[in-house]
Amino acid sequence: MTKPESAGYDYDVVISGAGLAGSAAAILLARRGVRVALLERRSDPEAYKVLCTHSLTANAYPVLDELGLIPALEKAGAVRNHARWYTRWGWIEPRAAPTGPELPYAYNVRRSTLDPLIRSRAAETPGVDLLLGHQVTGLVREAGRTLGVRASTPQGEREIRARLVVGADGKDSAVAKFAGMPARLYENTRFGYLAHFRNLPLPDGISHAWFLEPDLAYAFPNDDGVTVVAVLPDKKRLPAFREDLEGSFLAFVRALPEAPPIDSAERVTKITGTVDYPLHSRKPTAPGVALIGDAALTGDPLWGVGCGWALQSAQWLAEAVSSAATGRGDLDRSLVVYARKHRRRLRGHQYLAADFAKARPFNPIERLMFSAAARDESAARHMHLFASRLIGPLRFLNPAALAKASAVNIKHRRAAAPPAHLSHTGS
């Protein structure tokens, strides 16, 4: 039965995009009593995003837990994403303290496994109507406010009215375009290619990343024995790289320190990638509209944060607007709360990522922190928390952490220096 306060609306919330962010938001909103239309332009319920790091950073774990997906991910063979990172100072290898808790983790899992899983969970959630083959073609607007969407469907054009329209439709968001929410772009001067391999052993079976300054690469073990290998070189190398894509890709991987044995592995996908992937951010709200996931902000693919931020932004939105979306509160005020949290939690990360996307060597602060992390276990654990997006830049670079890193490096230099009686020649 339609609630009196919902009169005039087909749903409380309509979400465009039934990928990771949209499906998570639909589940979390519906559990809070919100009636949700979850629109997906593709008609195939098994559809998934292809170009992705296929990694959920540890900041996503609490959302996965709230969604109830942890047992299903474990059963599907998702790999807990512990990692080691190569630098010019050696390997950073975060390990739990001898008497401390296990390091936080989430999962590496292919989107071909993850997307259908979370979408089916959304479809099974009471209060969610999953509408496949529905593509947003415009917004219903009155007096500068969005009150629903117009969509192309298998049965023809349809208007769906709702108090809130959520754009979970990716970096090229149609919802954002129709709502007049422009993106601020940050140039990414690296390009990227990736492929999936089977039977590609990695030391300890964990993720590897190589910081080659300015080039980068990573190898992430995933479900079903498949490893995602990606290379992210400086764009200056692009013309030569494209002349022989496969040869260049394989040569790049072979040249990595402690390179994975790619020649003995079976490549199970083609080499795919992008030569131009700028970072972008949008203000995540407008009257009657909210953006989540890549529609609001895209990070640099090298950090693998997009999936985690998609889930977190879905959770932040559900927490902020669920009451108001059912007519029991001020929706505009709730959207301000969401926008403020989104900005506070992600702006600093995005600022650092945009700066590092310039394909430059490490700056002095990065040299300090990465070199210390390669030499000291507690510094490596601190780096792990930041890479997992469990702490922000201010905490990562707090005075105590900088002092600790400085002390580690001073101690290292002293230990490496020759004894005083050997450091001089003469009398």
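The structure under discussion appears in the preceding block.
Figured I'd write up the structure that's included with this text. (Residues numbered from 1 in each chain as written. Predicted model: local features only at pLDDT ≥ 70, side-chain atom pairs only at ≥ 80, totals over all residues. Heavy atoms only, no water.)

Examining the overall build of the chain
Operational definition: Numbered from the N terminus, helices here are DSSP runs of H or I no shorter than four residues, and strands are runs of E no shorter than two. Throughout, the radius of gyration refers to the C-alpha atoms, and the reference size of a globule is 2.2 Å times the residue count to the power 0.38. Each residue's exposure class comes from its accessible area (1.4 Å probe, protein chains only) as a fraction of the maximum for that residue type: buried when under 20%, exposed when over 50%, partly exposed otherwise. In what follows, residue pairs with any heavy atoms lying within 4.5 Å of each other are defined as contacts. The method behind every accessible area is Shrake-Rupley, applied with a 1.4 Å probe, and residues are considered shielded solely by the protein chains displayed. For the purpose of charge, His is not counted, nor are the chain termini; Lys and Arg are scored as positive and Asp and Glu as negative. We put the charge of a Lys on NZ, of an Arg on CZ, of an Asp on CG and of a Glu on CD.
Looking only at helices and strands, one finds 13 helices and 22 strands in the chain. Relative to the globule expectation of 22 Å for 427 residues, the C-alpha radius of gyration of the chain, 23 Å, shows essentially globular dimensions. Principal-axis analysis of the C-alpha atoms places the extent of the chain at approximately 95 × 45 × 40 Å. Taken over 427 residues, the chain has a buried fraction of 53%. For the chain, the share of sequence-separated contacts (at least 6 apart) that also reach a separation of at least 24 residues comes to 72%. Entry remark: accessible area of the chain is about 18,800 Å², with carbon and sulfur atoms responsible for 53%. Taking the average location of the 55 positive side-chain charges in the chain and that of its 42 negative ones, the two points are 6 Å from each other.

Considerations on the side chain of asparagine 222
This is how the line gets drawn: Whenever a nitrogen or oxygen atom comes within 3.5 Å of another N or O atom, the pair is scored as a polar contact, on the condition that within protein one atom can donate a hydrogen and the other can accept it, and that pairs from neighbouring residues in sequence are kept only if both atoms are in side chains.
You can see asparagine 222 is positioned in the loop between β15 (216–221) and β16 (226–232). Accessibility expressed as a relative area gives 3% for asparagine 222, which makes it buried. A polar side-chain atom of asparagine 222 sits 3.0 Å from the main-chain carbonyl oxygen of phenylalanine 220. If we skip the residues at most four places from it in the chain, asparagine 222 touches His54, Gly77, Val79, Asn108, Val109, Arg110, Thr227 and Val228.

Description of the packing of helix α10 (residues 364–375) against helix α11 (residues 377–387)
For clarity, the threshold we go by: Here, axes are lines fitted to C-alpha atoms. For helices the fit covers the stretch in contact, and angles between N-to-C directions go from 0 to 180 degrees. Angle categories: roughly parallel below 35 degrees, roughly antiparallel above 145, roughly perpendicular from 65 to 115, and oblique for all the rest. We call a crossing left-handed when the near helix sits turned anticlockwise from the far one by less than a right angle, and right-handed when that turn is clockwise. In this classification, Asp, Glu, Lys and Arg are treated as charged, Ala, Val, Leu, Ile, Met, Phe, Trp, Tyr, Cys and Pro as nonpolar, and every other residue, Gly included, as polar.
Between α10 and α11, the least distance of the axes is 6 Å, while the angle of their chain directions is 125°. As the angle between them shows, α10 and α11 are arranged oblique. With respect to the hand of their crossing, α10 and α11 are arranged in left-handed fashion. On α11, the residues touching Met369, Phe370, Ala372, Ala373 and Arg375 of α10 are Glu377, Ala379, Ala380, His382 and Met383. Each residue belonging to the contact of α10 with α11 can be placed in one class, and the counts come to seven nonpolar, one polar and two charged.

Some words on the sheet that holds strand β4 (residues 79–80)
Strand pairs in the sheet, formed through backbone hydrogen bonds, run parallel or antiparallel to each other. How we decide: The rule for pairing is simple: two strands pair if DSSP sees at least two bridges between them.
Read across the open sheet, the three strands follow the order β3-β7-β4; overall the sheet is antiparallel. With partners counted over all chains shown, the strands left at the sheet margins are β3 (55–56) and β4, one partner each.

Considering a positive patch on the surface
Let me state the cut-off plainly: Residues qualify for a patch when their relative accessible area is over 30% and they have no salt bridge, like charges being joined within 9 Å and the nonpolar side chains of Val, Leu, Ile, Met, Phe, Trp and Tyr within 5 Å. Every case where a carboxyl oxygen of Asp or Glu lies within 4 Å of a side-chain nitrogen of Lys or Arg is listed as a salt bridge.
A surface patch of like charges, here positive, comprises Lys283, Arg340, Arg343, Arg344, Arg345 and Arg347. When you line up the elements, arginine 345 lands in helix α9 (residues 331–356). Arginine 345 sits in the partly exposed class, given a relative accessible area of 36%.

A short note on helix α4 (residues 111–124)
Because each turn of an α-helix spans 3.6 residues, side chains separated by three or four positions end up pointing in the same direction. To keep it simple, the criterion reads: Expected helix span is given by 1.5 Å per residue-to-residue step, counting one fewer step than there are residues.
When the terminal C-alpha atoms of α4 are compared, their 19 Å separation across 14 residues agrees well with the 20 Å that a helix rising 1.5 Å per residue should span. Arg111, Leu114, Asp115, Pro116, Leu117, Ile118, Arg119 and Ala122 are the residues of α4 that are buried.

What to know about the environment of alanine 320
You can see alanine 320 is positioned in helix α8 (residues 306–325). The spatial distance from the C-alpha of alanine 320 to the C-alpha of arginine 190 is 36 Å, given a sequence separation of 130 residues. Excluding residues within four positions of it along the chain, alanine 320 makes contact with Ser334, Val337 and Tyr338.

Comments concerning the pattern of salt bridges
In total, this model carries 29 salt bridges according to the counting rule given. Put simply, Arg84, Glu93, Arg95 and Glu258 are held in one network by salt bridges that share partners.

With respect to the nonpolar core
The cut-off we apply is this: For this analysis, a nonpolar core means a set of buried residues of the types Ala, Val, Leu, Ile, Met, Phe, Trp, Tyr and Cys, connected via side-chain atoms within 4.5 Å.
In this structure, Ile15, Leu56, Leu67, Leu73, Tyr107, Ile292 and Leu311 are the most contacted members of the largest nonpolar core, which totals 58 residues. Looking at which element gives the most residues to this core, the answer is α8, with twelve residues. Leave out the neighbours within four places in its chain, and isoleucine 292 touches Ala21, Gly22, Ala25, Val166, Gly167, Ala168, Ser313, Ala314, Leu317 and Tyr338. Counting 29 residues, the second largest nonpolar core, distinct from the first, contains Ala83, Trp85, Val228 and Phe396.

Section: the packing of aromatic side chains
Our working rule: Paired rings are identified among Phe, Tyr and Trp, the last through its six-membered ring, by centres lying within 6.5 Å, and are further divided according to the angle between planes into stacked (under 30 degrees), edge-to-face (over 60) and tilted (the rest).
This model, assessed by the stated rule, comprises 18 aromatic pairs. On the basis of an interplanar angle of 70° and a centroid distance of 5.2 Å, the ring pair of phenylalanine 191 and phenylalanine 241 is categorised as edge-to-face. Taken together, the residues span a long stretch of sequence, with phenylalanine 191 in the loop between β12 (184–186) and β13 (192–198) and phenylalanine 241 in helix α6 (residues 238–243) at a distance of 50 residues. Residue phenylalanine 191 is classed as buried on the basis of its relative accessible area, which comes to 1%.

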